[in-house]
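Commentary on secondary and tertiary structure
What follows is each chain in one-letter form.
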Amino acid sequence: MQGMDSAGMDLPKMEEYVFSNTLTTVKEGYHLISGDISKAVHEIKIKPGKNIWMFGGAELTKSLMNLKLIDEIHLAVHPLLLGAGKHLFKDIPERIQLKLFDQKTYSSGLVILKYQIL
């Protein structure tokens, strides 16, 4: 079974995890992760399967980047300037070199940029 994301891209069926230190329950079929995210991600990585796709906010991204648990970043650039909001890469203390390996432009003007973390 496949679903669609907000950009209209087909998504394969995935095992889904919610990272939260405040929630106590999540929707049926989801797994709640709280506490030591480093340990949790390492446990997920050793499970059978291919890639782990993280769709999340700035705090989770920052935490996983600082723990060096992200291998690739897929950035969605929307043709809209908000002028405010949270910084996605705030509080990451060091420069991280990226290598562009794929890009796709949609008719809506959305651009997906895929980078490998070096």
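Residues numbered from 1 in each chain as written. Predicted model: local features only at pLDDT ≥ 70, side-chain atom pairs only at ≥ 80, totals over all residues. Heavy atoms only, no water.

**Quick notes on the pairing of strand β6 (residues 98-105)**
- Here β6 pairs with strand β7 (residues 111-117) via seven bridges, running antiparallel. By the bridge assignment, leucine 98 is partnered in β7 with isoleucine 117.
- Hairpin connection from β6 to β7: five residues lie between these consecutive antiparallel strands, with glycine 109 at a positive phi of about 100°. (Pairing = 2+ DSSP bridges. Helix = DSSP H or I, 4+ residues; strand = E, 2+ residues; numbered from the N terminus.)

**Digging into the confidence of the model for the protein chain**
- Across the protein chain, the average pLDDT comes to 85, with 90% of residues at or above 70.
- Across the protein chain, the element-wise mean pLDDT spans from 42 in strand β1 (residues 3-4) up to 98 in β6.
- Within the model, pLDDT remains below 50 along residues 1-6, and this stretch shows 13 contacts once partners closer than five positions in the same chain are excluded. (pLDDT = per-residue confidence, 0-100. Contact = heavy atoms within 4.5 Å.)

**Section: the environment of serine 108**
- Along the polypeptide, serine 108 turns up in the loop between β6 and β7.
- Once the C-alpha coordinates of serine 108 and histidine 78 are considered, the two residues, 30 residues apart in sequence, prove to be 8.6 Å apart.
- A distance of 3.3 Å separates the side chain of serine 108 from the backbone nitrogen of leucine 110, its partner in a polar contact. (Polar contact = N/O pair within 3.5 Å; in protein donor to acceptor, adjacent residues only side chain to side chain.)

**Regarding the side chain of serine 20**
- The residue serine 20 is located in the loop between β3 (16-19) and β4 (30-33) in this model.
- At 3.1 Å, the side chain of serine 20 forms a polar contact with the backbone nitrogen of threonine 22.
- Looking at serine 20, its side chain comes within polar contact range of the main-chain nitrogen of leucine 23, at 2.9 Å.
- Setting aside its immediate chain neighbours within four residues, serine 20 contacts Leu32, Ile33 and Ser34.

**Things to note about the side chain of lysine 62**
- By the element assignment, lysine 62 lies in helix α2 (residues 58-66).
- Judged by relative accessible area, which is 17%, lysine 62 ranks as buried.
- Leave out the neighbours within four places in its chain, and lysine 62 touches Lys90, Asp91 and Ile92. (Buried < 20%, exposed > 50% of the residue type's maximum accessible area, 1.4 Å probe, protein only.)

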